[in-house]
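# Observations on the three-dimensional arrangement
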Amino acid sequence: MSRTPRPDLAAGLAASAGPAADLGPASLGPACAALVAGALAMGLSPVLVRFVSPEVGPFASAFWRVALALPALYGWMRWEEARAPHLRRALTPSVLLAGLVFSGDLLFWHLAILGTTVANATFFATTAPVFVVLFAWIGLRRRPAGRTLVGLLVCLIGGASLVGQSVQVDPARLAGDRDGVITAIFFALYFLTVERARALGMGAARVTFVASCITALVLLGAVAVLETRPMLPHSGSAAFGLLALALVSHAGGQGLLAVALGRLPAGFSSLVIFLEAVAAAILAWILLGEALGPLQVLGGGLILAGIAVARPRRSSRTAEL
């Protein structure tokens, strides 16, 4: 559904009631570049989690991923707001909710990994864009563009091809499969809440920093209750892996995603999860020696094609989901 955008405090952002909008095609390029770079950064996280897993438990690694990123995110926030003092600094319900739903995303993602196969968990997590479109359509009355639906369908087929041959149907793993779907729901809500906070005039750095503070507190409680393995690494290499997870995958990946959500609609931006899966597969091939078969290559190609189909084509007067 087309809308007439109204600039807010951060020039080029959308009106608070609608999806993110920009001032023209020229500003789409940097936003798309941020989205792709964020996907690549987040795609490194499964490799890093596997790297540190012999020494650090899954819930602990999720906590360190967020907590160790906070100093860098705080520094980014101070720098961004010094350059743009007009950015909104008052907290909004949307940014607080973003922190809570991202906590749910990480917690249920790790529960899914523990309760089912990695392939199953990945497959169900890649349904997040479906929930983004549904929630925006039903809850926010934002009807998706036809090309968004076509691109999403192509990406879903590509995602299924990427991990499909490893997906298993096992009644004993239904709880883990369920947690994978819940992960997707929380990630979809994260996209929409971050988009909302950005549309209200908050800078990408403040949104990411505040949401991460909330997430770190929730995950610390989860570690105290749920973690049964060590919380601290005992080698320098594992400590370095946790630091890379925090700075690259979280500060870099989530931060760049927040930048993109200030200019791109959540429906299109949510397709980043498919790029993340492609990046993870390529990095696992390069760093861990996990072979890529023809089906995985085909799946990656379909994902890229689906994103190309769904990419926004906006003028200065309209914005679409």
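It should be emphasised that the depicted structure is a prediction, and the values quoted were computed from it without experimental measurement. (Residues numbered from 1 in each chain as written. Predicted model: local features only at pLDDT ≥ 70, side-chain atom pairs only at ≥ 80, totals over all residues. Heavy atoms only, no water.)

## Some words on helix α1 (residues 28-43)
Structural remark: α-helix, 3.6 residues per turn; residues separated by three or four positions point the same way. Worth spelling out the cut-off: Under the DSSP-based scheme used, a helix requires at least four consecutive residues in state H or I and a strand at least two consecutive residues in state E, with every element numbered from the N terminus. By this rule, a helix spans an expected 1.5 Å times one less than how many residues it contains. Each residue is assigned to one of three classes by its accessible area relative to the maximum for its type, calculated with a 1.4 Å probe on protein chains only: buried under 20%, partly exposed between the two thresholds, exposed over 50%.
Over its 16 residues, α1 runs 22 Å from end to end, which matches the ideal 22 Å to within 8%, given 1.5 Å per residue. Buried within α1 are the following residues: L28, A31, A34, L35, G38, A39, A41, M42 and G43.

## Focus on the nonpolar core
Note the threshold: Side-chain atoms within 4.5 Å are what join buried Ala, Val, Leu, Ile, Met, Phe, Trp, Tyr and Cys residues into a set we call a nonpolar core. Contacts are residue-level and defined by heavy atoms, with any inter-residue pair within 4.5 Å sufficient.
Residues Y190, F191, L257 and L271 are the most contacted members of the largest nonpolar core, which totals 73 residues. With 11 residues, the top contributor of residues to this core is helix α10 (residues 204-226). For Y190, the residues in contact, after removing those within four places along its chain, are A98, V101, F102, Q254 and L257. Core analysis: the next-biggest nonpolar cluster, separate from the first, contains 5 residues, L44, V47, L48 and L245 among them.

## With respect to the confidence of the model for the protein
Inclusion rule: The pLDDT score gives, residue by residue, the confidence of the prediction method on a 0 to 100 scale.
This prediction gives the protein a mean pLDDT of 81; 84% of its residues lie at or above 70. Counting interchain partners and residues more than four positions distant, the pLDDT-below-50 stretch residues 1-26 has 77 contacts. Predicted confidence is poor over residues 315-320, with pLDDT under 50, and the contacts of this stretch with residues over four places away or in other chains come to 21 contacts.

## A few points about the side chain of H250
We count it as follows: In protein, a polar contact means a hydrogen-donor-capable atom and an acceptor-capable atom, both N or O and within 3.5 Å, with residues adjacent in sequence counting only if both atoms are side-chain atoms; elsewhere, any N or O pair within 3.5 Å suffices.
Looking at the element boundaries, H250 is found in helix α11 (residues 236-261). There is a polar contact of 2.7 Å between the side chain of H250 and the side chain of S212. Every residue in contact with H250, bar those within four places of it in the chain, is listed here: R65, V66, A69, L73, F102, S212, L245 and G255.

## Observations regarding the packing of aromatic side chains
We count it as follows: Pairing of aromatic side chains here covers Phe, Tyr and the six-membered ring of Trp, requires ring centres within 6.5 Å, and sorts the geometry by plane angle: under 30 degrees stacked, over 60 edge-to-face, intermediate tilted.
In total, this model carries 7 aromatic pairs according to the counting rule given. Ring geometry for F131 versus F135: centroids 6.0 Å apart, planes at 35°, classification tilted. In this pair, F131 and F135 are both assigned in helix α7 (residues 128-140), 4 residues apart and thus about one turn of the helix distant. The exposure class assigned to F135 is partly exposed, which follows from its relative accessible area of 28%.

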